[in-house]
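Observations on the model geometry
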Amino acid sequence: MNLFLKLRDDFGMSCLLIAHDLAIVRQAAQRVYVMYLGRVMEEGESGALYSQPAHPYTQALLSAVPSTNPVEERERQRIILKGDVPSPVNRPTGCRFRTRCPAVQSVCETSPPVNSLSESNLASCHFAGRIKAGILQEYDVRQVG
Ligand code: SF4
């Protein structure tokens with residue numbers, strides 16, 4: 001990873017990193033695209049996306065990342081997603097995340113617009129603005145510590 005970062009910085013290279021480990025993505029990426037079933041759920045500048053995600057899937061992924069701070073780790077609450085990822089050949093209609101989303105509503109049977117939340121943050125969710133603002137967050141969570 002250090003070599004990767006050095007190449008990026010020394011030669012000004014643009015690199016595409018595909019990973020499931022969000023700690024590594026945070027260390028390496030300036031811009032992050034969160035994908036689910038082949039579609040971008042959220043994209044944004046790394047710092048903003050990690051500190052204030054606007055999509056329930058991004059929130060769930062980030063809640064699964066352990067903290068290196070023992071106090072934060074004891075207080076960490078993990079968002080529990082129900083069910084399994086649907087088959088890519090039989091994707092849900094409307095929002096692709098709706099069969100597992102903790103914030104799903106009936107309107108989610110229609111495809112959500114891509115909401116521009118700031119110059120550097122887009123999210124494909126009917127409620128992205130409210131989720132980013134901290135509203136609509138009564139999710140099923142599990143205390144980790
Ligand atoms: S559009 Fe609905 S189902 Fe999709 S992420 Fe937003 S709240 Fe969840």
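What comes next is a walk through the structure. Throughout, residues of each chain are indexed from 1 in the direction in which the sequence is written. Reporting in this predicted model follows two pLDDT cut-offs: at least 70 for local features of residues, and 80 or more for side-chain atom pairs to be given and counted; totals over whole chains, interfaces and linings ignore these cut-offs and use all residues. Side-chain measures were taken over the full set of non-hydrogen atoms in the model, leaving aside hydrogen atoms and water.

1. Some details on the sheet that holds strand 1 (residues 31-36)
Reading across the sheet, the 4 strands line up as 1-2-5-4 and stay open at both edges, with antiparallel pairing between neighbours. Either end of the sheet is taken by a strand with one partner, and the two such strands are strand 1 and strand 4 (114-118). Neighbour-to-neighbour, the strand axes of the sheet open up by a mean angle of 20°, direction not taken into account. Only strands joined by at least two bridges in the DSSP assignment are considered to pair. Secondary structure elements are defined from DSSP: runs of H or I of at least 4 residues count as helices, runs of E of at least 2 residues count as strands, and each element is numbered from the N terminus. Both strand 4 and strand 5 (residues 121-124) contribute to a ladder of 4 bridges, which runs antiparallel. Helix axes are fitted to C-alpha atoms over the stretch in contact, other axes to C-alpha atoms as well, and angles between N-to-C directions run from 0 to 180 degrees.

2. Observations concerning the pairing of strand 2 (residues 39-45)
The pairing of strand 1 with strand 2 spans 6 bridges and is classified as antiparallel. Counterpart to Tyr-36 in the pairing with strand 2 is Arg-39. Where strand 1 hands over to strand 2, the hairpin turn is made up of 2 residues, of which Leu-37 adopts a positive phi near 50°. Sheet topology note: the strand 2/strand 5 ladder contains 3 bridges and is antiparallel. Pairing of Glu-42 across the sheet is with Ala-123, part of strand 5.

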